[in-house]
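Here is what each chain is made of, one letter per residue.
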Amino acid sequence: MRKKIVAGNWKMNTGIKDGVALVSDINKELKNVTLPSDVEVIIAPPFTHLTFFEQVTDRNKINIAAQNCATESEGAFTGEISAKMLKSAGCSYIIVGHSERRAYYNETSDILVKKTEQVLKNNMTPIFCCGEKLEDRKSENHFNIVKNQISEGLFHLSDDDFTRIVIAYEPVWAIGTGVTASKEQAQEMHAFIRDIVFRKYGKDISDNLTILYGGSVKPANAQDIFSMPDVDGGLIGGAALKVSFVDIVKAICQ
Ligand code: PGA
């Protein structure tokens, strides 16, 4: 049975003091929630918060993720943070190829291949992001774009390594805009992703692949989107910065 995940991506928000206060409050609120064994909650704070989070979160309830990592494992790469360091800071997941990194930091598929390799090599799970821009959807090129992102970024992986991947479909036009893809649009793309994975890796691997939806998910719409058969949870931005993030977690538990 595939895992269901609700992951909060805090992006470049909060200082250490207010970030630790927020995660402590989320942690407290989660005490009242019984997580089914197939559900995981993840929070990806800024790098600076990671070691503090490890101290204040109940690791049975909250997994810690990083939002990015270096392409290399160590050495003279000023300003970079390696997957190995993130592992030592308590991370079990790393977000790879978020659309903001693709757009603002020119992360190409070649770069994402290297980052994914670093995450896997250090025994963590990559949350590999894909998603089309508005113009791609308008020109009905969205399936091609997503297929290329996934095949270029992931289809070199062995069967064993692919079973360790989580995919997040995040249409760029829905990120931070308040516009959510309809549940039908999300389902259509998730089913498409599962199908291309099926063609490459077969039924077992595609059936067990966790595919998250991201883009303006909030407590009010989470349950609706999560009700779709190929939507296995969400990658949450803005709505992850409030204690009511826990309501999104509750939506996946139903
Ligand atoms: P959003 O961001 O929920 O604020 O739209 C989602 C994301 O970028 O992961």
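Details of the structure are given in the entry above.
Residues numbered from 1 in each chain as written. Predicted model: local features only at pLDDT ≥ 70, side-chain atom pairs only at ≥ 80, totals over all residues. Heavy atoms only, no water.

### Considerations on the packing of helix α7 (residues 142-154) against helix α9 (residues 183-201)
Angle between the axes and distance between the axes are the two parameters that describe a pair of packed helices.
For step 1, the next point in the chain: Orientation of α7 relative to α9, taken along the N-to-C sense of each, is 40°, at an axis distance of 11 Å. It follows from the interaxial angle that α7 and α9 lie oblique. Considering the relative orientation of α7 and α9, their crossing is right-handed. Facing α7, whose interface residues are His142, Phe143, Val146, Lys147, Ile150 and Leu154, α9 presents Glu188, Met189, Phe192, Ile193, Ile196 and Tyr201.
For step 2, the next point in the chain: Among the residues making up the contact of α7 with α9, the classes are represented as 9 nonpolar, 1 polar and 2 charged. (Axes fitted to C-alpha atoms, helices over the stretch in contact; angles between N-to-C directions. Helix = DSSP H or I, 4+ residues; strand = E, 2+ residues; numbered from the N terminus. Parallel < 35°, antiparallel > 145°, perpendicular 65-115°, else oblique. Left-handed = near helix turned anticlockwise from the far one by under 90°. Contact = heavy atoms within 4.5 Å. Nonpolar A, V, L, I, M, F, W, Y, C, P; charged D, E, K, R; others polar.)

### Brief notes about helix α5 (residues 109-121)
Three- or four-residue spacings in an α-helix give side chains the same orientation, since the helix completes a turn every 3.6 residues.
For step 1, the next point in the chain: Its 13 residues give α5 an end-to-end C-alpha distance of 18 Å, which sits within 8% of 18 Å, the value for a rise of 1.5 Å per residue.
For step 2, the next point in the chain: For α5, the set of buried residues is Ser109, Leu112, Lys115, Thr116, Gln118, Val119 and Leu120.
For step 3, the next point in the chain: Buried-residue contacts for α5 involve α3 (83-88), β4 (91-96), α4 (99-104), β5 (125-130), α7 and α8 (159-162).
For step 4, the next point in the chain: Asparagine 123 occupies a position one or two residues after α5 and carries a positive phi of about 60°. (Expected span 1.5 Å × (residues − 1). Buried < 20%, exposed > 50% of the residue type's maximum accessible area, 1.4 Å probe, protein only.)

### Things to note about the sheet that holds β4
For step 1, the next point in the chain: The 8 strands are arranged β1-β2-β3-β4-β5-β6-β7-β8 in a closed barrel whose pairing can be described as parallel. The sheet shows a mean angle of 30° between the axes of neighbouring strands, direction not considered.
For step 2, the next point in the chain: When strand β6 (residues 166-169) meets strand β7 (residues 210-214), the two strands line up parallel, connected through 4 bridges. Looking at β7, one finds that valine 166 is bridged to threonine 210.
For step 3, the next point in the chain: Running over the sheet, α7 touches β5 and β6 and is turned about 150° from β5.
For step 4, the next point in the chain: In the packing of α9 onto the sheet, the strands contacted are β5, β6 and β7, and the crossing angle to β7 comes to about 150°. (Pairing = 2+ DSSP bridges.)

### Things to note about the site of the ligand
For step 1, the next point in the chain: For the ligand, the set of nearby residues contains 13 residues, the closest of which are Lys11, His98, Glu170, Gly176 and Ser216.
For step 2, the next point in the chain: Note that an oxygen atom of the ligand is positioned 2.8 Å from one of the backbone N or O atoms of serine 216.
For step 3, the next point in the chain: The backbone of glycine 237 places a nitrogen or oxygen atom 2.8 Å from an oxygen atom of the ligand.
For step 4, the next point in the chain: Relative to its free-state accessible area of 280 Å², the ligand is covered by the protein chains to the extent of 95%. (Near = heavy atom within 4 Å. Polar contact = N/O pair within 3.5 Å; in protein donor to acceptor, adjacent residues only side chain to side chain. Areas by Shrake-Rupley, 256 points an atom, 1.4 Å probe, with all protein chains shown as cover.)

### Observations concerning the pattern of salt bridges
When charged atoms on two side chains of opposite charge get close, those side chains can pair.
For step 1, the next point in the chain: The final tally for this structure, using the stated rule, is 15 salt bridges.
For step 2, the next point in the chain: The residue aspartate 207 makes a salt bridge to lysine 203 at a minimum N-O spacing of 2.8 Å. Taken together, the residues span about one helical turn, with aspartate 207 and lysine 203 both in helix α10 (residues 203-208) at a distance of 4 residues.
For step 3, the next point in the chain: Looking at aspartate 207, the relative accessible area reads 32%, which means it is partly exposed.
For step 4, the next point in the chain: Taking relative accessible area as the criterion, lysine 203 reaches 51% and is therefore assigned exposed. (Salt bridge = Lys/Arg side-chain N within 4 Å of Asp/Glu carboxyl O.)

### Describing the packing of aromatic side chains
For step 1, the next point in the chain: Throughout the structure, instances matching the rule amount to 7 aromatic pairs.
For step 2, the next point in the chain: Centre to centre, the rings of phenylalanine 143 and phenylalanine 192 are 4.8 Å apart; their planes meet at 55°, and the pair counts as tilted. Within this pair, whereas phenylalanine 143 is found in helix α7, its partner phenylalanine 192 is found in helix α9, the two being separated by 49 residues in sequence.
For step 3, the next point in the chain: Seen from their ring centres, phenylalanine 155 and tyrosine 201 are 5.6 Å apart, and the 75° between their planes marks the pair as edge-to-face. In this pair, phenylalanine 155 is assigned in the loop between α7 and α8 and tyrosine 201 in helix α9, connecting sequence segments 46 residues apart. (Phe/Tyr/Trp six-rings, centres within 6.5 Å; stacked < 30°, edge-to-face > 60°.)

### A short note on α7
For step 1, the next point in the chain: Relative to the 18 Å expected for 13 residues at 1.5 Å per residue, α7 spans 18 Å between its end C-alpha atoms, a close match to the ideal helical length.
For step 2, the next point in the chain: Listed in full, the buried residues belonging to α7 are His142, Val146, Gln149, Ile150, Gly153 and Leu154. For α7, the angular spread of buried residues about the axis comes to 90°, placing them on one side. (Arc of directions from axis to C-beta.)

### Some details on the side chain of serine 99
For step 1, the next point in the chain: By the element assignment, serine 99 lies in helix α4.
For step 2, the next point in the chain: When residues no more than four places from it in sequence are discounted, the contact partners of serine 99 are Val172 and Ile175.

### Details of the state of the cysteines
For step 1, the next point in the chain: Applying the stated criterion to the full structure yields 0 disulfides.
For step 2, the next point in the chain: You can see cysteine 129 has no disulfide; the closest cysteine sulfur is in cysteine 130, sitting 7.5 Å from it.
For step 3, the next point in the chain: With relative accessibility at 4%, the residue cysteine 130 sits in the buried group. (Disulfide = S-S within 2.5 Å.)

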